[in-house]
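# Residue-level structure breakdown
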Amino acid sequence: MKRRSLPVMVSLAAASALALTACGQAGQGGGSGDGPIELTMWTHSAGNPAELEVYEKIITEFNASQDEYKIVEESFPQGAYNDAITAAAAADDLPCLLDMDGPIMPNWAWAGYLQPLDLPESITDELLPTAVGTYEGEIYSAGYWDAALSIFARKSVLDANGVRIPTIDEPWTLGEFDAALATLQSAGYATPLDIGAEDAGEWWSYAYSPILQSFGGDEIDRDTFLTAEGALNGPEAVDAFTWFQDAFKKGWASNSGTIGNQEFVDDQVALSYTGVWNALASIEAVGDDLLILPPPDFGNGPKIGGGSWQWGISSNCSEEQTEGARQYLEFSFQDEYIAEFADKQIVIPATAGAEDLSEHFGEGGDLQPFVELSQKFAVPRPETPAYPVISSTFEKAAKDIMNGAEVKSTLDGAVKEIDANIESNDGYGF
Amino acid sequence: MALTTTRPEVRPAGRDHESGERRLRRRRKLWSYLAMSGIGVFFLFPLVFMFVSSLKPSGQILSDSGSLNAFLPVGDISLDNYFGVFERVPVAQFLINSVFVTVVTVALGLLVNSMAGFALSRLEWRGRGLLLSVVIAALIVPFETIAVPMVYWVSKLPTLVFEGGLLKYDFGWLNSYQVQIIPFVAHAFSIFLFTQYFSTIPKSLDEAARIDGAGWFTIYRRIIVPLSGPAFATVAILTFLPAWNQYLWPLMVVQQEELRPVMVGMQYFFQLNPAWGEVMAYTTLITLPVLIVFLSFQRAFVSSVAASGVKG
């Protein structure tokens, strides 16, 4: 009897499995088509209650406004988000709606993760140009906001040291900026500029490629998107990175310190090269003494990195779901929501209507200068699927140069690496 | 007289010699204790820094970091960071998930790997040597290299779900507990360790048991398992730590927040400006279970490391 127990158990298990199989596959039959069509939506906002609050409001109101579709939101922490998307794509399990950082969009579109957005032009035409993601002539993503970098300073410090206060129409020239840094260093600021070099990742391309562009270089030749030759290692690029290296050599900037704007708030640095997201906290700490200044003009006008988090529709979305996803996005691009986003997240609203509704970014608002900075100086990062490689190669080269590497040969190496990647991917379709 | 005079001279000299040696031994002991305490304190520094910083605002953590104050509960001390953590992250849910996944992985891992080790070390069957070689070869394959294909496989595996009050079959293990447990139950190093350890137990015990009518499972359960405490303790610890620290895998296969483990929660604090105070409070909370487990099994762990020659 004992010896038979195992075969008996196996038979019972097999019979149970067959019985279960007879019950059918989940999600098929059983009249599940009565309710609204569910659309999964992924955001990178986990751990960011202010952002999630606005999303939850939009979703609740959209779900209540109709009974055909139901949005179900899942939030992921930002640092882990791209990995989660890549894994989901590998498993053919992408959500219908997903947000993405602007510069990664071309890569995801090229990889087949995304389908064209096809939102009405009445919506996309109203948005800041850098809040619309275009790849090969098609719009694949659109966002409610953009961010901008600027230079924070204290008026009292600049006045006391006889440093001219730059304006959007008359930013600091290279010579003026160098002189200001030298003066502020002599005035007792051991490191006058917090340039943010302690940070890592895409920040390096976002923050320092505009310096390169202002010198006249770029991360890639934007006419062809097939090579970085001449753009990243030309004479302008060499000048830009020589200045960058000198700034560290002379002690004007440092790669120690902490991520964020604390050193400026504590008056340990005179100038801080930082983003709109730190502006409100700095106003609270510094008050009316805070100046929001344009980046210097290194020769080709001030430049700011453009393109932030935007929304797209995945290629896994069925035709029926895609229709729902578009309806949701159209619903969500209301000035009221965009303004709420801007004020809660401290980011630049993407429409003029939202700007008017915004407490901070509207006419006379304390953060209004950022709108103008973004409109006048924003340059999108290269809209090519090669951008992830460009960004990581740029970061490595810039860090090597910061640490004393020979500028031209380091840039040549970076160009070689980027070009090899583009070539091995057959030009990424360009 | 001479005796009475010489004896006292000899005895104190001997006592002096002995007490001198004792003093020397005591001094050596004192120094070694001091050195060990110093090393102990050195290893405690990160934990002390973590706990003390969890009570300070982020700004103060940064300004204290250049001085000894980093290790002292001075300045603006409060539990605000802990409240902040509970507001930002569903800590309790993440802890429950991690405890469940870890405990089940360890329990199943001990059973499956020890049985595999038993089969490889005690049973005579064709292909045993080849299979052991394959197991050893599997040790050199880093998880990262097979992670993406594994995501694909688990997304296609059959599973059972309740739908409309009926148990039905479906495909895809994503977003489940089993996807966080099953792939990590069979573990090449644990199998190898059990195999090696079981090989040191005399086979005459098996033979005696078989003469008494015991089957293989009885030999495994009644003889091998009770004699292999150190191996089980070592494998338990070596399985516990990676299971608790899982980050990449759950990130790839678990999309629903209610199923995430604690390590993925760490990323919640790294927004544009990291919330360092909350990071420290969160790491304190998620380190506590590991410390409790380690302190509870410290004796078994140390003896198992000594017995098996495994260093973590």
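Computed from a prediction, not measured in an experiment: that's the story for all the values here.

Within chain A one finds 17 helices and 15 strands. Expressed as a percentage of its 430 residues, the buried residues of chain A come to 56%. Total accessible area on chain A is roughly 17,200 Å²; 50% of this is exposed by carbon and sulfur atoms. Each charge class in chain A was averaged separately, 20 positive and 69 negative side chains, and the resulting centres sit 10 Å apart.

What follows concerns the overall build of chain B. Helix and strand counts for chain B stand at 15 helices and two strands. Against the 2.2 N^0.38 benchmark of 20 Å for 312 residues, chain B shows a C-alpha radius of gyration of 28 Å, more extended than a compact globule. Taking the principal axes of its C-alpha atoms as reference, chain B extends roughly 110 × 70 × 35 Å. Summarising the internal contacts of chain B: among those between residues at least 6 apart in sequence, 68% fall at separations of at least 24.

It is worth spelling out a negative patch on the surface at this point. Residues and elements named next belong to chain A. Taken together, the side chains of Asp67, Glu68, Glu319, Glu320, Glu323 and Glu330 present a region of like negative charge at the surface. Mapping glutamate 319 onto the fold places it in helix 12 (residues 319-332). With relative accessibility at 75%, the residue glutamate 319 sits in the exposed group.

A word on the state of the cysteines. Residue and element names in this part refer to chain A. Counted according to the given criterion, the structure contains one disulfide over all chains. The disulfide partner of cysteine 96 is cysteine 317, and the gap between their sulfur atoms is 1.5 Å. With cysteine 96 in the loop between helix 3 (78-90) and strand 3 (97-101) and cysteine 317 in the loop between strand 13 (309-314) and helix 12, this residue pair connects regions lying 221 residues apart in the sequence. With relative accessibility at 4%, the residue cysteine 96 sits in the buried group.

So, about the packing of aromatic side chains. Here the distance between the centres and the angle between the planes together describe a pair of aromatic rings. The full count for this structure, using the stated rule, is 48 aromatic pairs over all chains. Seen in terms of ring centroids, B:Phe184 and B:Trp249 are 6.0 Å apart; in terms of plane orientation they differ by 80 degrees. Their pairing is edge-to-face. Note that B:Phe184 is positioned in the loop between helix 7 (178-181) and helix 8 (188-199) and B:Trp249 in helix 12 (residues 248-253), a separation of 65 residues in sequence. With 5.6 Å between their ring centres and 80 degrees between their planes, B:Phe270 and B:Trp276 make a pair best called edge-to-face. Look at B:Trp276 and you get partly exposed, because its relative accessible area is 25%. When the ring centre of B:Trp216 is taken as origin, the NZ or CZ atom of B:Arg210, which lies over that ring, is 4.5 Å away. Stacked on the ring of A:Phe76, the Lys or Arg B:Arg260 has its end atom at 4.7 Å from the ring centre.

In a beta sheet, neighbouring strands pair by backbone hydrogen bonds and run either parallel or antiparallel. Residue and element names in this part refer to chain A. Strand order across the open sheet formed by four strands is 9-10-8-11, with mixed pairing between neighbours. The outermost strands of the open sheet, each flanked by one partner alone, are strand 9 (193-194) and strand 11 (290-293). Pairing of strand 9 with strand 10 (residues 271-275), which is carried by two bridges, proceeds in the parallel orientation. Residue pairing for strand 10: aspartate 194 is matched across the bridge by serine 272. Its contacts with the sheet put helix 8 (residues 203-215) on strand 8 (149-154) and strand 10, and the angle it makes with strand 10 is roughly 120 degrees.

Residue and element names in this part refer to chain A. By the criterion of burial, strand 8 is predominantly enclosed, with six of the six residues buried. Burial of strand 8 is two-sided: the residues Leu149, Ile151 and Ala153 facing one way and the residues Ser150, Phe152 and Arg154 facing the other way are all buried. In this sheet, strand 11 lies alongside strand 8 in antiparallel orientation, the contact comprising four bridges. Residue pairing in the sheet places phenylalanine 152 in a bridge with isoleucine 292 of strand 11.

A separate point is the packing of helix 16 (residues 387-402) of chain A against helix 17 (residues 407-424) of chain A. All names here are of chain A. As a packed pair, helix 16 and helix 17 sit with axes 10 Å apart at the nearest point and diverge in direction by 165 degrees. With respect to their mutual orientation, helix 16 and helix 17 come out roughly antiparallel. Between helix 16 and helix 17 the crossing geometry is right-handed. The segment helix 16 lies against helix 17, with Val389, Ile390, Thr393, Ala397, Asp400 and Ile401 engaging Val407, Thr410, Leu411, Ala414, Glu417, Ile418 and Asn421. Among the residues making up the contact of helix 16 with helix 17, the classes are represented as eight nonpolar, three polar and two charged.

Position of A:Glu56 among the secondary structure elements: in helix 2 (residues 49-65). The spacing of A:Glu56 and A:Glu73 is 17 residues in sequence and 8.2 Å in space, taken between C-alpha atoms.

Further remarks concern a nonpolar patch on the surface. A contiguous nonpolar surface patch, about 530 Å² in accessible area, is contributed by B:Ile39, B:Val41, B:Phe42, B:Phe43 and B:Phe45. With respect to the secondary-structure elements, B:Phe42 resides in helix 1 (residues 2-53).

What follows covers the UniProt feature "domain: ABC transmembrane type-1" (unreviewed entry) in chain B. The sites that carry the UniProt feature "domain: ABC transmembrane type-1" (unreviewed entry) are, in the present numbering, residues 95-297 of chain B. The span residues 95-297 of chain B shows a helical share of 66% and a strand share of 6%, and its end C-alpha atoms are spaced 20 Å apart.

Let us now look at the domain arrangement of chain B. By a frequent convention, interface size equals the accessible area lost on bringing the separate parts together. Residue and element names in this part refer to chain B. The domain boundaries assigned to chain B delineate domain 1 (2-53) and domain 2 (86-308). Computed from C-alpha coordinates alone, the two centres of domain 1 and domain 2 are separated by 44 Å. At the junction of the two partners, domain 1 supplies five residues and domain 2 supplies six residues. Taken together, the two surfaces of domain 1 and domain 2 that pack against each other cover about 430 Å², and 81% of this comes from carbon and sulfur. Between domain 1 and domain 2 we count zero salt bridges in total. The interface formed by domain 1 and domain 2 holds zero residue pairs in polar contact (both at pLDDT 80 or more) in total. Residue classes in the side of domain 1 that touches domain 2 are distributed as four nonpolar, one polar and no charged.

Reading guide: rules and limits
- Numbers given to residues run from 1 along each chain, matching the order in which its sequence is written.
- As they are written, the chains are lettered A onward and the ligands numbered 1 onward, keeping that order.
- A pLDDT threshold of at least 70 governs which residues receive local features in this predicted model, and a stricter bar of 80 or more applies before side-chain atom pairs are shown or counted, although totals over entire chains, interfaces and linings include all residues.
- Water and hydrogen atoms were dropped before computing side-chain values, which therefore reflect all heavy atoms in the structure.
- Only runs of H or I of at least four residues qualify as helices and only runs of E of at least two qualify as strands under DSSP, and these elements are numbered from the N terminus.
- Remark: exposure states derive from per-residue accessible area (1.4 Å probe, protein chains only) relative to the maximum for the residue type, with buried under 20%, exposed over 50%, and partly exposed in between.
- For every accessible area listed, the method is Shrake-Rupley and the probe measures 1.4 Å; residues are considered covered only by the protein chains on display.
- By the counting rule applied here, Lys and Arg register as positive and Asp and Glu as negative, while His and the ends of each chain are not counted.
- Charge positions are represented by NZ for Lys, CZ for Arg, CG for Asp and CD for Glu.
- Atoms considered for the radius of gyration are the C-alpha atoms alone. The globule rule reads 2.2 Å times the number of residues to the power 0.38.
- We call two residues in contact whenever any of their non-hydrogen atoms come within 4.5 Å of each other.
- Only residues above 30% relative accessible area that lack a salt bridge enter a patch, with like-charged residues linked at up to 9 Å and the nonpolar side chains Val, Leu, Ile, Met, Phe, Trp and Tyr linked at up to 5 Å.
- Counted as salt bridges are all cases of a side-chain nitrogen of Lys or Arg within 4 Å of a carboxyl oxygen of Asp or Glu.
- Note on terminology: disulfide denotes any pair of cysteine sulfur atoms within 2.5 Å.
- Think of it this way: a Phe, Tyr or Trp ring, Trp meaning its six-membered ring, pairs with another when their centres are within 6.5 Å, and the plane angle makes it stacked under 30 degrees, edge-to-face over 60, tilted otherwise.
- Put simply, a charge is over a ring when the Lys NZ or the Arg CZ is close to the ring centre, within 6 Å, and near the line of the ring normal, within 35 degrees.
- What makes two strands pair is DSSP finding at least two bridges between them.
- Comment: axis = line fitted to C-alpha atoms, over the contacting stretch for helices; angle = value between 0 and 180 degrees taken between N-to-C directions.
- Reported orientations rely on four angle classes, namely roughly parallel under 35 degrees, roughly antiparallel over 145, roughly perpendicular from 65 to 115, and oblique for the rest.
- Left-handed is the label given to a crossing in which the near helix is rotated counterclockwise from the far helix by less than a right angle, and right-handed is the label when the rotation is clockwise.
- Gly is placed with the polar residues, together with every amino acid not listed as nonpolar (Ala, Val, Leu, Ile, Met, Phe, Trp, Tyr, Cys and Pro) or charged (Asp, Glu, Lys and Arg).
- UniProt positions are given in the numbering used here, feature names are shortened, and annotations may be inferred rather than shown by experiment.
- Each domain's limits were defined by an automated method or a database of domain assignments.
- The term buried area denotes the loss of accessible surface (1.4 Å probe radius) that occurs when two parts are joined, taken as the sum for both partners.
- The definition of a polar contact used here is a pair of N or O atoms within 3.5 Å, where within protein one atom must be able to donate a hydrogen and the other to accept one, and adjacent residues in sequence count solely through side-chain atom pairs.

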